[in-house]
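The residues making up each chain are set out below.
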Amino acid sequence: PEATTRDRWGSKIAFIMAAVGFAVGFGNVWRFPSLAYEYGGGAFFIPYIMALLFIGIPLVTLEVSLGQYHQTGDVGVFGSIHRRLKGVGLGSVIAAWVLVTYYAPLIAWVINAFFDSFRNAAIWEDSTGSEAYAYFLEEIIGEKTLGADFLPTRMVWANVGYIAVTWFVVWLCLAWGIEATGKVTYFTMGLPAILIFVFLGRAVSLPGASVGINAYIGEWDMSVLVNQPECWSRAVSQIFFSVGVTFGVLTAFGSYCPRDGPAFQNSIIISVCNSLFSFIAGFAVFAGLGYLAYEEGVELDQVAVSGPSLLFGAYPVVLATLPGGIHWVRLLFFTLFLLGIDSAFALTDAVVTVTADSVPGANLSRKQIVSGWCVLGFLTGLLYATDAGFRFLDVFDFYINFLVIIVGLFECVAVGWIAGLEQQCEELGSKTMLAYIFTTFGSIIAASGVWFGIPADGNALLGGFVTLFVFYLTGMAVTLFLLKKTRDSMPEESQRSWKELLYTLYFKNVQDYVEKIKKQIGYMPFIWGVLIKHVIPPVLIVVFVLGAVATNSEGESVFGHYGGYVAWPYQILGVLTFCFTAATMLVGAAAPDLYNWTFVPQVESSFVGEDEKFPAEESEEQDVEQVDESNPEKAQAEESETVEKPVAVAEPMAAETKAEAEAVA
């Protein structure tokens, strides 16, 4: 086949800005600071930082590095690891699409509020936080016509228009290629980063600000780490959803980087920048809330400190009390628009990338693909342009949490357990590997059943750990017995040591995969493979079970009865979305040939190995290359070396994808 070219970011900074812009969104402002306030102030940063180091950064590294190595979107990445994993990639893309279809209407409501502030400034200047939020729900979203069952009754035509505007902006940001998208992010991410410091500087100068800041981080109630153990799972959930993994975005963005880029270094920068934005936003938010409590003469806990009521109620009211207040409110809405729009076009790009890398997409231009998805996004968004739009958003946002945890679990299983599994079975025996896998996952599932499946009478925690250790030790005894039989069956001259066999059992497959990709993408620490295989999957299982068995005040499972909404359309649509995505992944595992059309494997490539640069870096080195041309012998040697490199780079990928290429053909 002919070598193919792939679109590239204009520079490394453009890639970083785009990835950080995607990760940073409304949740960094309305969710993270409130979690710190709720769980011991500064004490919450202990589980949060641990979750960042042991879950957030490794997962970001997984997606960026695999996209960069395989030079394709999520479907191609996981299909290249094993042909039965294409459904995992499709599952992540479905999650991205579900999210962006309700994220775009949220941005549309922000646009509506921005323009409404020119007509009805008094509502922000002369109201309490609860009154302003009620206005946002009833007039901006249109809920004033809803009944007690929250069923939609009408279209809010203003929001239909603003949803169209949102998708048009998304189209403008994506249609001209990834290099142009990267340039857009200098504005959509760069300006909010500046404005958050503007809000911070103004907020900390207000009376009462110190009270809010003290509640945010000044108090360190370490007892919550023991007395409220859910703070650990909340920290994991916040990191997991905040960095934006499992939506295929970082994989797609990584695929537009040079294949030899420093994936691990870039992933650390992206993750840390996202957390820093949350940290700084917390000061701006709570300084303002402390001022609002001071102005209203109430305690801080009587002011809205989280969720939409913070961004569209309490905080605009805080800003409206300042000199020139309504302009501060408009600046807030403009900042929220920028925070939202780069997340929206990033999520859309994940879908666009997978489409472009598919068999049908090979015959379409990028503008055609982007246009098709934007039109479909607008049509899907009409559901949220009804007067019940916020209720649909609330329901889908709840059920998508389960979806992305499952996708994240399967992504880790793909790299940590499926990659190299065939060779492990050949070396250690299939029965040994089956016993080991059953022991590892069975023990944590059984323990979770005890922790969350029986009444919390004080013995559930201990009983869960006892179950975990007994199950694991028993299973490992069986595993080691089978491993001994395998070892005894080896010829004496080739019999391997127990140390080597245990390393092969626990680490070899994932570390072999790390060694394979690091030849192209650079440094990857040993601990990364350990976390992906042995730490993150059990944590995600616990978080999933914790959410799945949660009950409401009436003792009903929250899954299927969320928020007290009626079964149709709310609960049924939410559950069906989860089930459809799970079924997509299972079908891919059972009948992988059905998904052969979903991506075109790269059997040859035009990237230039270790010498490939971002376009901006290439232009900076042109003068040096022109000077070298004065030496004919050296130029001839370099030309020969350049010709040979693409073949060497393409060779490992060709071996992996030969069967897939034949199937597609």
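Residues numbered from 1 in each chain as written. Predicted model: local features only at pLDDT ≥ 70, side-chain atom pairs only at ≥ 80, totals over all residues. Heavy atoms only, no water.

Scanning the model with the defined rule gives twelve salt bridges in all. Residue D593 is joined to R83 by a salt bridge in which the shortest nitrogen-to-oxygen separation is 3.1 Å. Taken together, the positions of D593 in the loop between α26 (567–590) and α27 (615–620) and R83 in the loop between α5 (74–81) and α6 (86–119) put the pair 510 residues apart, joining distant regions of the chain. On the accessibility criterion, R83 (34% relative accessible area) is partly exposed. The partner of R496 in a salt bridge is E500, with the nearest N and O atoms 3.3 Å apart. One continuous salt-bridge network, built from bridges that share partners, spans E427, R496, E500, K508 and D512. (Salt bridge = Lys/Arg side-chain N within 4 Å of Asp/Glu carboxyl O. Helix = DSSP H or I, 4+ residues; strand = E, 2+ residues; numbered from the N terminus. Buried < 20%, exposed > 50% of the residue type's maximum accessible area, 1.4 Å probe, protein only.)

So, on to helix α12 (residues 209–218). Inspection of α12 places A209, G212, I213, A215, Y216 and I217 among the buried residues, and these make up the whole buried set. Taken down its axis, α12 places every buried residue within 165° of arc, on the same side. Seen from the open side of α12, the exposed residues pointing more than 90 degrees away from its buried face are S210 and V211. Next to the buried residues of α12 lie α3 (32–38), α4 (45–70), α11 (190–204) and α16 (263–296). (Arc of directions from axis to C-beta. Contact = heavy atoms within 4.5 Å.)

Bringing the packing of α6 against helix α9 (residues 157–174) into the picture now. Where α6 contacts α9, the axes come no closer than 8 Å and their chain directions differ by 115°. With respect to each other, α6 and α9 are oriented roughly perpendicular. Every pair of crossing elements has a handedness; the one defined by α6 and α9 is right-handed. Counting all contacts with α6, which are made through W97, V100, A104, P105, I107, A108, W109, I111, N112 and F115, the residues of α9 involved are A158, N159, Y162, I163, V165, T166 and W167. (Axes fitted to C-alpha atoms, helices over the stretch in contact; angles between N-to-C directions. Parallel < 35°, antiparallel > 145°, perpendicular 65-115°, else oblique. Left-handed = near helix turned anticlockwise from the far one by under 90°.)

Moving on to the environment of D512. Within the element layout of this structure, D512 appears in helix α24 (residues 498–521). Take D512: its relative accessible area is 34%, and that puts it in the partly exposed class. For D512 and G529, which are 17 residues apart along the polypeptide, the C-alpha to C-alpha distance reads 9.5 Å.

The next point concerns empty space enclosed by the protein. In this structure the tally under the stated criterion is three cavities of 30 Å³ or more. Put simply, the largest cavity is a space of about 110 Å³. Every element with two or more residues in the lining of the largest cavity is listed here: α11, α16 and α18 (325–356). (1 Å grid on protein atoms, 1.4 Å probe; cavity = no way out; pocket = protein on both sides within 12 Å on 5 of 7 lines; lining within 4 Å. Points joined across faces, edges and corners; volume = space filled by probe spheres on them.)

In this section: the packing of aromatic side chains. Overall, the coordinates contain 56 aromatic pairs when judged by the stated rule. Ring geometry for F26 against Y103: centres 5.6 Å apart, planes inclined by 20°, an arrangement best described as stacked. With a gap of 77 residues between them, F26 in helix α2 (residues 26–30) and Y103 in helix α6 connect regions that are remote in the sequence. Accessibility assignment for this pair places F26 and Y103 in one class, buried. With 5.0 Å between their ring centres and 90° between their planes, F402 and F559 make a pair best called edge-to-face. Taken together, the positions of F402 in helix α20 (residues 389–418) and F559 in the loop between α25 (526–548) and α26 put the pair 157 residues apart, joining distant regions of the chain. Looking at F402, the relative accessible area reads 5%, which means it is buried. (Phe/Tyr/Trp six-rings, centres within 6.5 Å; stacked < 30°, edge-to-face > 60°.)

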